[in-house]
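An overview of the molecular structure
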Amino acid sequence: MDIKNLTRVAKAVLSANWESSYTVPSRTLYPHQWSWDSAFNAIGWAHLDPDAARTELETGLGAQWDDGRIPHIAFNPEVDPDAYFPGPALWSAYDRARDGRATSGIVQPPVHAAAALRISEITGPDPRTLAWLERIYPQLCTWHDYLRDNRTAPGRELVSILHPWESGMDNSPLWDVPLARVDTGLARALDYQRRDLDNADSADRPTDDDYDRYISLVLDYRHGYYDDALMLKASEFVVECPLFNSALAWSELALAQIAELVGAERRPHLIAAAQLTAAIAETLFDAELGICVGYDVRAQQQIPAVTTAGLAPLLLRGIDRPIVETLLATARGRFGLGTTAPGLPSTPYDDESFDANRYWRGPTWVSINWLLIQGLAVQGETMLAESLRQTTLRLAVDAGMYEYFNPVSGEGRGSASFSWTAALALDLR
Ligand code: 9WN
């Protein structure tokens, strides 16, 4: 594929994955609606069909629960419930979503408000977009309120994730230490069957042991009827993720702009963003490692792992310049930013946990590159943003619209015809 064909191929991928009101991430591996995927996919649609973009994001918000959470999966009732594991039966959340769809009970990074703003920028002054922003603004606010009110551990300022899948970076080395404490008994008693290995190479995917821990955490949360206070108090996995919190602060800034467009108050969003930004700098920045890390709430200590999640605070214009300089030096020195390396690896090339093909332990993801390109632009680093834009597009052009890429060879891995790769490539053209 050459760059001229990119638009055509990306459009074909999004169209083939369109499912009446949203885009499935992949027809094989992920045949339902995923929360943060939908936000990214909608950005791609905004370039092709603004109606589809607005519909996609709004459909995702339709699965919101009464407590404000936006579940990470909304299941398609037409699809075989066993096509993806864990499916609707394991989550047992059949009557929580406002639109009546069965859902999961966990969440994903809150990039929705930022995506809504980006879509409104792409579609321009279209009265339908303004009416849409007016409709979704209250839902975006209650989503953020949910995270702040229900997911801030007592005495803490940042929001916590309760499952590695909530980070969107499932088996990142950032989660190794807290995940190792999770007892696997609940999952082993279930004798379940993984479905991801039907469609992907086992050398690329998380290990069986990790899967047992993922499923045990799901069962724990479900047995407590998805009560966050209970999990914050008792679960072994309560972690402040640098990407999740940066996405929230970045989306608060976007909500401030949306508030202005719909005639609401900007100030509460600016204050929320400033508080989160200060807390990220204070509690997640590790000067010795030169990057932001996770914070293990149960163990009351930082998790010293270097990953692309730790570069996400670049999205925030309120981050102090010395921290920005340090993040940039790490991105250049350890992740190959600004060089012709095929991609930004999810963990540094020289890290002991680096694995070029295994999911979030080395491969390059277009979603993360796209976020970092936005971050570099926020920091005024236009040359670096341009360099990453070009290497990211080159991956998609040379290998195709894969789910992720080997950051050494540039080979496409995981699911082919993957929606967010196509959507964000359209936005980066
Ligand atoms: C669990 C859909 C999702 C992405 C995540 C990615 C992967 C699921 C899985 O696929 O996670 O949610 O089964 O591995 O890690 O970021 O949203 O594309």
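A brief look at the structure comes next. (Residues numbered from 1 in each chain as written. Predicted model: local features only at pLDDT ≥ 70, side-chain atom pairs only at ≥ 80, totals over all residues. Heavy atoms only, no water.)

1. Digging into unusual backbone geometry
Along the chain, F85 connects to P86 via a cis peptide bond; the corresponding omega equals 0°. Within the secondary structure, P86 sits in the loop between strand 2 (73-74) and helix 4 (88-91). (Helix = DSSP H or I, 4+ residues; strand = E, 2+ residues; numbered from the N terminus.)

2. Overview of the sheet that holds strand 3 (residues 239-240)
Here we have three strands laid out as an open sheet, ordered 3-6-7, and antiparallel in their pairing. In this open sheet, the two strands that pair with only one neighbour each are strand 3 and strand 7 (301-303). The pairing of strand 3 with strand 6 (residues 294-296) spans two bridges and is antiparallel. Paired with E240 across the bridge in strand 6 is Y295. (Pairing = 2+ DSSP bridges.)

3. Here's the deal with the side chain of D196
Looking at where D196 falls in the secondary structure, it is placed in helix 9 (residues 196-199). Overall, the relative accessible area of 4% leaves D196 in the buried class. Reaching out from D196, the side chain makes a polar contact with the side chain of R194 at a distance of 2.8 Å. A polar atom in the side chain of D196 sits 2.7 Å from the side chain of R205. Here D196 is in contact with L29, R205 and Y211, once residues within four sequence places are set aside. (Buried < 20%, exposed > 50% of the residue type's maximum accessible area, 1.4 Å probe, protein only. Polar contact = N/O pair within 3.5 Å; in protein donor to acceptor, adjacent residues only side chain to side chain. Contact = heavy atoms within 4.5 Å.)

4. Topic: the nonpolar core
Counting 143 residues, the largest nonpolar core has I215, L243 and I258 as the members making the most contacts within it. Among the elements that line this core, the one with the most residues is helix 12 (residues 242-262), at eleven residues. (Core = buried A, V, L, I, M, F, W, Y, C linked by side-chain atoms within 4.5 Å.)

5. Quick notes on the site of the ligand
In the vicinity of the ligand, 15 residues are found, and the nearest of them are D37, Y84, G168, D170 and Y359. In the environment of the ligand, an oxygen atom lies 2.9 Å from a nitrogen or oxygen atom belonging to the side chain of W360. Relative to its unbound accessible surface of 420 Å², the ligand loses 99% to contact with the protein. Within the shell around the ligand, the residues separate by chemical class into nine nonpolar, three polar and three charged. (Near = heavy atom within 4 Å. Areas by Shrake-Rupley, 256 points an atom, 1.4 Å probe, with all protein chains shown as cover. Nonpolar A, V, L, I, M, F, W, Y, C, P; charged D, E, K, R; others polar.)

6. Considering the side chain of Q64
Its location among the elements puts Q64 in the loop between helix 3 (50-62) and strand 2. Those residues in contact with Q64, other than ones at most four positions away along the chain, are R69, I70, P71, R96, A97, R98, Q139, T142 and W143.

7. Here we look at the packing of helix 2 (residues 35-48) against helix 3
The description of two helices packed together rests on the angle between their axes and the distance between the axes. Viewed as axis vectors pointing N to C, helix 2 and helix 3 meet at an angle of 165°, and their least axial separation amounts to 6 Å. Between helix 2 and helix 3, the angle is such that the two are roughly antiparallel. Every pair of crossing elements has a handedness; the one defined by helix 2 and helix 3 is left-handed. Between helix 2, through S38, A39, N41, A42, W45, A46 and L48, and helix 3, the contact on the second element is made entirely by P50, A52, A53, E56 and L57. Taken together, the residues of the contact of helix 2 with helix 3 break down into nine nonpolar, two polar and one charged. (Axes fitted to C-alpha atoms, helices over the stretch in contact; angles between N-to-C directions. Parallel < 35°, antiparallel > 145°, perpendicular 65-115°, else oblique. Left-handed = near helix turned anticlockwise from the far one by under 90°.)

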